[in-house]
Amino acid sequence: MVTGHWSLEKMPRHEGSSAGFTILEMLIVLFLLTVVVAVVFPRMSLTEDLGSTGRKLVGVLRTVQGLAATSQKPRKLYLDIDQGTYWMMMVEGKEERIPLDPGWKTPRSLPESIRFTEVAVGQEKRFSGRVDVSFFANGRIEPVTLYLTDAKNNLLGLAVDSLTGGIRVSDERLDPPPNQIIPDRVRLLLKPNQQAGAGTPQG
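Nothing here was measured: the structure is a model prediction, and the numbers come from that model.

Time to look at the overall build of the chain. Along the backbone of the chain there are three helices and ten strands. Listing each helix as α and each strand as β along the chain from the N terminus yields α-α-β-β-β-β-β-β-β-β-β-β-α. By residue count, 33% of the 203 residues in the chain fall in the buried class. Sequence-distant contacts, at least 24 apart, represent 56% of the contacts inside the chain between residues at least 6 apart. Approximately 13400 Å² of the chain is accessible, and the part contributed by carbon and sulfur atoms is 59%.

In structure tokens form, the structure reads like this:
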């Protein structure tokens, strides 16, 4: 008696060889992606650190400007070029004191790979030491230009125009603003108060 058993055993088995190629292709793609990420990511992360630090500092400038205007009390932003730190102080007459906001109790630091290279307030350029920028109760900011660099010596510049309040950001050196005729009544508003001392918030 003939059964179908023999025919089933002799039938060719169609094993999916395409599945093996698909896994192999996936492994190759993953390998290539790993290589690309390993090569490209360090460069991307450094550039992003510099860019994000610049955006953060722009936010800090706008925040301090807003606080001075809303409270009708001047503020100062101190920048320590050597230490890569910055902090805000409240100005009351000739005295300065630490803000009540817990976020400003201690100095803030730049990322480890970022540093200040130059800060110019008005016409005075500083490459080291401590610099302060005045923020007035009318919302104006002292004219300031500062430069940041990262570990690859990429450059980022920020410049504040005291008349318009605009902040320029560039990956190249910024041209100094042209000489502008400032009305006397505005010049008085831009004149920083004479302050005693330069306090540093204690942690």
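Time to look at the pattern of salt bridges. Under the counting rule described, the total for this entry stands at five salt bridges. Linking K76 and E96 is a salt bridge whose minimum nitrogen-to-oxygen distance equals 3.7 Å. With a gap of 20 residues between them, K76 in strand β1 (residues 75–80) and E96 in strand β3 (residues 95–97) connect regions that are remote in the sequence. Residue K76 is classed as buried on the basis of its relative accessible area of 8%.

The next thing to look at is the sheet that holds strand β10 (residues 167–170). Read across the open sheet, the five strands follow the order β6-β5-β8-β9-β10; overall the sheet is antiparallel. Two strands close off the open sheet at either side, each with one partner strand: β6 (124–126) and β10. This sheet shows a mean twist of 15 degrees between the axes of neighbouring strands, independent of strand direction. With six bridges joining them, strand β5 (residues 115–121) and strand β8 (residues 144–149) adopt antiparallel strand pairing.

We now examine the nonpolar core. The biggest cluster of nonpolar side chains holds 29 residues, and the ones touching the most others in it are L77, Y86, F116 and L148. Every element with two or more residues in this core is listed here: α2 (17–71), β1, β2 (85–92), β5, β7 (130–135), β8 and β9 (155–160). Contacts of L77, omitting those with residues within four sequence positions, involve V60, L61, V64, Y86, W87, M88, W104, V131, D132, V133 and F135.

So, about the environment of T145. You can see T145 is positioned in strand β8. Given a relative accessible area of 18%, T145 falls into the buried group. Along the chain, T145 and V169 lie 24 residues apart, while their C-alpha atoms are 9.8 Å from each other. Contact partners of T145, with chain neighbours within four places excluded, come to E118, V119, A120, L158, A159 and L174.

Rules used in this analysis
- Residues numbered from 1 in each chain as written.
- Predicted model: local features only at pLDDT ≥ 70, side-chain atom pairs only at ≥ 80, totals over all residues.
- Heavy atoms only, no water.
- Helix = DSSP H or I, 4+ residues; strand = E, 2+ residues; numbered from the N terminus.
- Buried < 20%, exposed > 50% of the residue type's maximum accessible area, 1.4 Å probe, protein only.
- Contact = heavy atoms within 4.5 Å.
- Areas by Shrake-Rupley, 256 points an atom, 1.4 Å probe, with all protein chains shown as cover.
- Salt bridge = Lys/Arg side-chain N within 4 Å of Asp/Glu carboxyl O.
- Pairing = 2+ DSSP bridges.
- Axes fitted to C-alpha atoms, helices over the stretch in contact; angles between N-to-C directions.
- Core = buried A, V, L, I, M, F, W, Y, C linked by side-chain atoms within 4.5 Å.

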